[in-house]
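Examining the three-dimensional arrangement
Given next are the chains, with one letter for each unit.
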2 protein chains.
Amino acid sequence: MIRVMIADDHQLFAEGLSQALNALPDTRVVGVVDSGPALEQALNNQPAEVCIVDIEMPGGDGIETISNLGMRTKAIVVSMHASDQQTERAREAGAKGLFSKGVPLTTLAAAIRAVAGGENLIDLSPEARDILLEANLQAQLDPGAAALTPREIEILQLLAVGVSATDELADRLYISQKTVKNHLASVFQKLAVSDRTQAAIEAIRLGLARPQ
Amino acid sequence: MIRVMIADDHQLFAEGLSQALNALPDTRVVGVVDSGPALEQALNNQPAEVCIVDIEMPGGDGIETISNLGMRTKAIVVSMHASDQQTERAREAGAKGLFSKGVPLTTLAAAIRAVAGGENLIDLSPEARDILLEANLQAQLDPGAAALTPREIEILQLLAVGVSATDELADRLYISQKTVKNHLASVFQKLAVSDRTQAAIEAIRLGLARPQ
DNA sequence: AGACCATTAGGCCAAACGACCCATCGAAAT
DNA sequence: ATTTCGATGGGTCGTTTGGCCTAATGGTCT
């Protein structure tokens, strides 16, 4: 789970991005602030691996804030209109990446994973950067979730959309109720939960529920 | 449920806003496009009560698109830096509201509700507008959810974060297990579900789970 | 004052659930 | 070839759950 802090004075953008990142299974937004100083303060109270910083913010832009972050938190700069000058300034301040707000969410998410993994995107050629991002498109699921078998994932997907009764699950999967209970038992163990309600919640959190 | 279409060439913003609005219980984003013409086309295939249009988009700005919408769909304009000139142009084109991207999500959500309800925010004085928005801050919950009592909502909130066992719920709420089961029974009836797993899923969908 | 409702709590009971055993089959890995 | 593992199924047992009914209390609204 990558902890992310967002600094952007456009609340609509910040809150929306926060929601979107929280919907991913491997990122969690731990704070949203609207200025550079507020970001520094927030990071003192609540550590985060990566912060997303708008380059254009009132009261001193984000660049000097990034310079002050040091090693604690990697910074990815987002900008309304990315330019070469901005990239240069961001690089000097120590930012690990710079993206226009016009990129898809998947790209930013990939960048967050890459940067959290120690990569520095800002020094790469566009081609090398794109290859690296491509490799990080897939969310890194929790260890527990990764160990789930295909059949167990099927059961979780049904659970997460409200198919909770044993007999219904058995009907949907064309297996006996006993087999459903066996699968559920091993799901409970792998996810460290104790009943199907908690399993359903975990499934939703892991992004296993396909949106209706 | 208010169907919303988003037109904005900044994908990060559009996707984030989409997620955020979908997380609200009474709005549903039915389409995201990145240009004015694409918006007109999308609305032909998929009706929506309200559309959110960025005023600054490449390939002809959003203003003329709004003029073409007619009565079908109410438009709310969002802008990076709201100005009086932009407001005037948006009004002439028939937009029902204009907001800076710096406003909180709750404000935009309130505006969507007001506009969907037939209000025209753009002709109002700032004071009158704020009063109207204030009145629309609360999401209009589903009929079933609206009838939930405070105690029932408390139970649902706990359910949605994984407190699913009767004895745990009783401990957390300082009531007997019997009372917990009574509350659950009436929750099941009001939400038209049959067990706590489905109730938890519904609670999450209704936005009753406070994010941790 | 009376009506209504949220909150609390109890009893009863059938059904469902979860925990703990075990067994078979086939595919994949070694 | 042997092992491993996923998927399938079975049995048993104690616990939990959900349905249904009743009832006391305290607040609010009319």
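Note: the structure precedes this text.
1. Overview of the sheet that holds strand 1 (residues 2–7) of chain A
Residue and element names in this part refer to chain A. Pairing within the open sheet is parallel, and its five strands lie in the order 2-1-3-4-5. Strand pairing shows two members of the sheet lacking a second neighbour, strand 2 (27–33) and strand 5 (97–100), which therefore form its edges. Going across the sheet, the axis of each strand differs from the next one's by a mean of 25°, ignoring polarity. Note that strand 1 and strand 2 share six bridges and pair parallel. Residue R3 lies in a different strand from strand 2, and its bridge partner there is R28.

2. Remarks on the relation of the copies chain B and chain A
Superposing chain B onto chain A takes a rotation of 180° combined with a translation of 0.8 Å along the rotation axis, leaving an RMSD of 1.1 Å. The symmetry that links the two subunits is that of a two-fold axis. Most of the interface of chain B is mirrored in chain A: 97% of its interface residues are interface residues there too.

3. Focus on the packing of helix 10 (residues 177–191) of chain A against helix 11 (residues 196–205) of chain A
All names here are of chain A. At their nearest, the axes of helix 10 and helix 11 sit 10 Å apart, and the two run at 60° to each other. Considered as vectors, helix 10 and helix 11 are oriented oblique to each other. Classified by chirality, the crossing of helix 11 by helix 10 is left-handed. Judged by residue contacts, L184, V187, F188 and L191 of helix 10 engage R196, A199 and E202 from helix 11. Class assignment of the residues belonging to the contact of helix 10 with helix 11 gives a composition of five nonpolar, no polar and two charged.

4. Points about the protein's contact with DNA strand C
Near DNA strand C you find 17 residues, and of these T166 and R196 of chain A together with T149, K178 and N182 of chain B are the closest. Backbone atoms, meaning sugar plus phosphate, form 61% of the atoms of DNA strand C positioned within 4 Å of the protein. A distance of 2.5 Å separates a phosphate oxygen of DNA strand C from a polar side-chain atom of T166 of chain A. Every element with two or more residues in the surface near DNA strand C is listed here: helix 10 of chain A together with helix 8 (150–160) and helix 10 (177–191) of chain B. Looking at the surface near DNA strand C, the element that brings in the most residues is helix 10 of chain B, giving four residues. Along the lines of polarity and charge, the residues of the surface near DNA strand C split into four nonpolar, eight polar and five charged.

5. Description of the packing of helix 8 (residues 150–160) of chain A against helix 9 (residues 166–173) of chain A
All names here are of chain A. At a closest axis distance of 11 Å, the pairing of helix 8 and helix 9 adopts a crossing angle of 125°. With respect to helix 9, the element helix 8 is oriented oblique. Handedness of the helix 8/helix 9 crossing: right-handed. Mapping the contact onto sequence places R151, E154, I155 and L158 in helix 8 and L169, R172 and L173 in helix 9. A breakdown of the residues in the contact of helix 8 with helix 9 according to their chemical character gives four nonpolar, no polar and three charged.

6. Describing the protein's contact with DNA strand D
In the region of DNA strand D, 18 residues are neighbours, and T149, S176 and N182 of chain A together with T166 and R196 of chain B sit closest. Backbone atoms, meaning sugar plus phosphate, form 59% of the atoms of DNA strand D positioned within 4 Å of the protein. Contact distances for DNA strand D include 2.7 Å between a phosphate oxygen and a side-chain N or O atom of H183 of chain A. Secondary structure elements with two or more residues in the surface near DNA strand D: helix 8 and helix 10 of chain A together with helix 10 of chain B. Counting residues per element, the surface near DNA strand D draws most heavily on helix 10 of chain A, at four residues. For the surface near DNA strand D, the per-class residue count stands at four nonpolar, eight polar and six charged.

Parameters at a glance
- Residues numbered from 1 in each chain as written.
- Chains lettered and ligands numbered in written order.
- Predicted model: local features only at pLDDT ≥ 70, side-chain atom pairs only at ≥ 80, totals over all residues.
- Heavy atoms only, no water.
- Pairing = 2+ DSSP bridges.
- Helix = DSSP H or I, 4+ residues; strand = E, 2+ residues; numbered from the N terminus.
- Axes fitted to C-alpha atoms, helices over the stretch in contact; angles between N-to-C directions.
- Least-squares fit on C-alpha atoms with pLDDT ≥ 70 in both.
- Contact = heavy atoms within 4.5 Å.
- Parallel < 35°, antiparallel > 145°, perpendicular 65-115°, else oblique.
- Left-handed = near helix turned anticlockwise from the far one by under 90°.
- Nonpolar A, V, L, I, M, F, W, Y, C, P; charged D, E, K, R; others polar.
- Near = heavy atom within 4 Å.
- Polar contact = N/O pair within 3.5 Å; in protein donor to acceptor, adjacent residues only side chain to side chain.

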